[in-house]
Amino acid sequence: MHLAKCGYILPILLIIGQLPVLVSCANILFYFAKTGFSHLHSVSPLINSLVRNRGHNVTILIPVKLKAQISKTDLVINNLTIVTVPKLLAKNLTMEQQQLFSRYKSIHICKHVLTSRKTSALIYRTRFDLVIFDMWLNDGCAVGLAYYKFKAPYIGYSTTTLFASHPDTYGLPLETATISDLVSAHDARRPLTIYQKITSTLVHLKYTYYRWRWYNPALEEILQEELDLEERPSLADLHGDTSLVLMNTYFGTDYARSLPPAFIPVGGMLMDDMGDPDPLPEDLRLFLEDSHRYDGFVYVSFGSELRSSKLGSNLKEKFLGVMKSLANLQFVWKLDLDHENRAKNMQRISRNIYYSSWLPQRVLFAHPSIKGAIVHGGMNSFSEAVHFGIPLIVLPVMSDNEYNANVAVWNGFGIKLNVKSFTQSELKGAIQEMCSNGSRNRIRAAAKRASKQFRDRPLPALETAVWWVEYVLRHRNTSHLGSMMRSCTWYEKRLLDVWISIFLAVNMILVLTCWIFGKFFRFIYPILC
């Protein structure tokens, strides 16, 4: 640790009777070179707390497109350095093509990070005590830098649930018999069928193969060349040495999983760092003051990564038709229209609809008149809705949306619709079911129950995350927290060696038994005859 570069040393007084413990501030790198605004937004409370409350020096490596949006995360500037990397574009790709292109991008971004004058100057002039990386395809370059350049421990940050390659990469138990993978995202309202178990198992193997055959070797070659290593590094071994993984999930936002001690659920950090709520815009405040004339309002948003202008006019017309037909409800809609278009379209918007390109989501979720929300299923909005006990209608669009929608349905507080094929009658029926009054509204009751479970925890999510980050700084070696399966091969994790051995042993016994009986009958047959 480097006390000369630290802003101050923060003493923490333990309970009376114990000696004070001095925690020296550290240089921490957040490697988010390939990420989106929602990923950065979800981890911003941790960055804030480490800098503002704990006195650490933090450097974040982010895509250049996020530089203009950094203020939206309310990140502090003191002791914080922001470094950007360029963006590669991909359009009109399927889910699998997006993931393959993302791997291609991450390889080229790693090359840029190690060769760019700006980023390489940072890397070669600064010694970091800890590296925290976004696990969505930042891991290979990040762990290579942490291990070979900085000689520092490293922590993974998963913005959502586990990816298909994580069990084999980090030594987790496989749960393909009961939990669908993030890509397939099978319906969770009933046990997985044999077909779903097979596809989920094969998806895990496919992405493990991608890493082993293509992704890891490409990154290993770049690391060896740019870091001037004598031998090619083994990313499989480096991933197994990951000190800790912070997961942006908690009860209510994921299924119950068999996680080793090194995997820490910290979903809900955004709610721990809310501060004073943003005031409602004046026109929105006046709009909601009329809520006594209605049965409440429904919030509609498709998140920060997906602009509603990309959803297509047909989908927006469906929404408008349903909203206008439900005159007993108000709708607050995050709709990306500029002021000119907004003024032009106000004539055809119903009196029960308010729309804006920006809305204070958490303030609206906490509003007493809210009846529910229509969302795309991104983890940030999903966690906030669970925290506030908001029933959901989920229209999955991309990434983890389908999986999160299934979790909402499984927990009873969500209704899932197909964003490409839903009809106006389906949407209207779902809204009426979600907003119905009375004690028999099972969706609202399930949402309130999930909220109580989500909030009830030993420590707030942000305090938990900070404590574990500093635990790694204090101890550095956290191998005692890791799974014993980290050293197992893909076939050993699946006990294929055991089942093949049993199969061969049983077959040998059967063959030997048949041979003995054959010998016996050939011997006894002439005697009997």
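Look up a bit, the structure's there.
Chemist: What is the right way to look at the state of the cysteines in this model?
Modeler: Taken as a whole and assessed by the stated rule, the structure comprises 1 disulfide. The residue that forms a disulfide with Cys110 is Cys141, at a sulfur-sulfur distance of 2.1 Å. Between Cys110 and Cys141 the disulfide shows an S-S torsion of about 75°. By sign, it is right-handed. Pair noted here: Cys110 is in helix H2 (residues 95–115) and Cys141 is in helix H4 (residues 139–150), with a separation of 31 residues, a long-range link. Each member of the pair, Cys110 as well as Cys141, is classed as buried.

Chemist: Teacher, can you tell me more about the pattern of salt bridges here?
Modeler: Opposite charge on two side chains permits them to pair, given that their charged atoms come into close proximity. Applying the stated criterion across every chain yields a total of 12 salt bridges. When the shortest N-O distance is used, the salt bridge between Lys416 and Glu402 registers 2.9 Å. One end of the pair, Lys416, is in strand E15 (residues 414–416); the other, Glu402, is in helix H14 (residues 401–411), with 14 residues separating them in the sequence. We classify Lys416 as partly exposed; its relative accessible area is 27%. Its relative accessible area of 31% is what places Glu402 among the partly exposed residues. One network of salt bridges, in which partners are shared, links Lys111, Glu225 and Glu226.

Chemist: Looking at this structure, how should I read empty space enclosed by the protein?
Modeler: Gaps between atoms show up when a probe of the same size as a water molecule is rolled over them. Across all of its chains, the model carries 5 cavities of 30 Å³ or more by this definition. Put simply, the largest cavity is a space of about 130 Å³. Lining the largest cavity are 16 residues, with Leu162, Pro167, Glu175, His204 and Arg257 positioned closest to its centre. Per-class residue counts for the lining of the largest cavity are 9 nonpolar, 4 polar and 3 charged.

Chemist: Sorry, what's going on with the sheet that holds strand E14 (residues 392–394) here?
Modeler: Note: strands within a sheet are paired through backbone hydrogen bonds, in either parallel or antiparallel orientation. One open sheet accounts for 6 strands, arranged E12-E11-E10-E13-E14-E15; its pairing is parallel. Pairing within the sheet leaves two strands with one partner each, and these edge strands are strand E12 (353–356) and E15. Within the sheet, the average angular offset between the axes of one strand and its neighbour, ignoring direction, is 15°. Across 4 bridges, strand E10 (residues 297–300) lies against strand E11 (residues 330–334) in parallel orientation. The residue of E11 that forms the bridge with Tyr299 is Val332. The sheet strands contacting helix H15 (residues 424–435) are E10, E11, strand E13 (370–375), E14 and E15, and the helix crosses E13 at an angle near 145°.

Thresholds, definitions, all that
- Residues numbered from 1 in each chain as written.
- Predicted model: local features only at pLDDT ≥ 70, side-chain atom pairs only at ≥ 80, totals over all residues.
- Heavy atoms only, no water.
- Disulfide = S-S within 2.5 Å.
- Helix = DSSP H or I, 4+ residues; strand = E, 2+ residues; numbered from the N terminus.
- Buried < 20%, exposed > 50% of the residue type's maximum accessible area, 1.4 Å probe, protein only.
- Salt bridge = Lys/Arg side-chain N within 4 Å of Asp/Glu carboxyl O.
- 1 Å grid on protein atoms, 1.4 Å probe; cavity = no way out; pocket = protein on both sides within 12 Å on 5 of 7 lines; lining within 4 Å.
- Points joined across faces, edges and corners; volume = space filled by probe spheres on them.
- Nonpolar A, V, L, I, M, F, W, Y, C, P; charged D, E, K, R; others polar.
- Pairing = 2+ DSSP bridges.
- Axes fitted to C-alpha atoms, helices over the stretch in contact; angles between N-to-C directions.
- Contact = heavy atoms within 4.5 Å.

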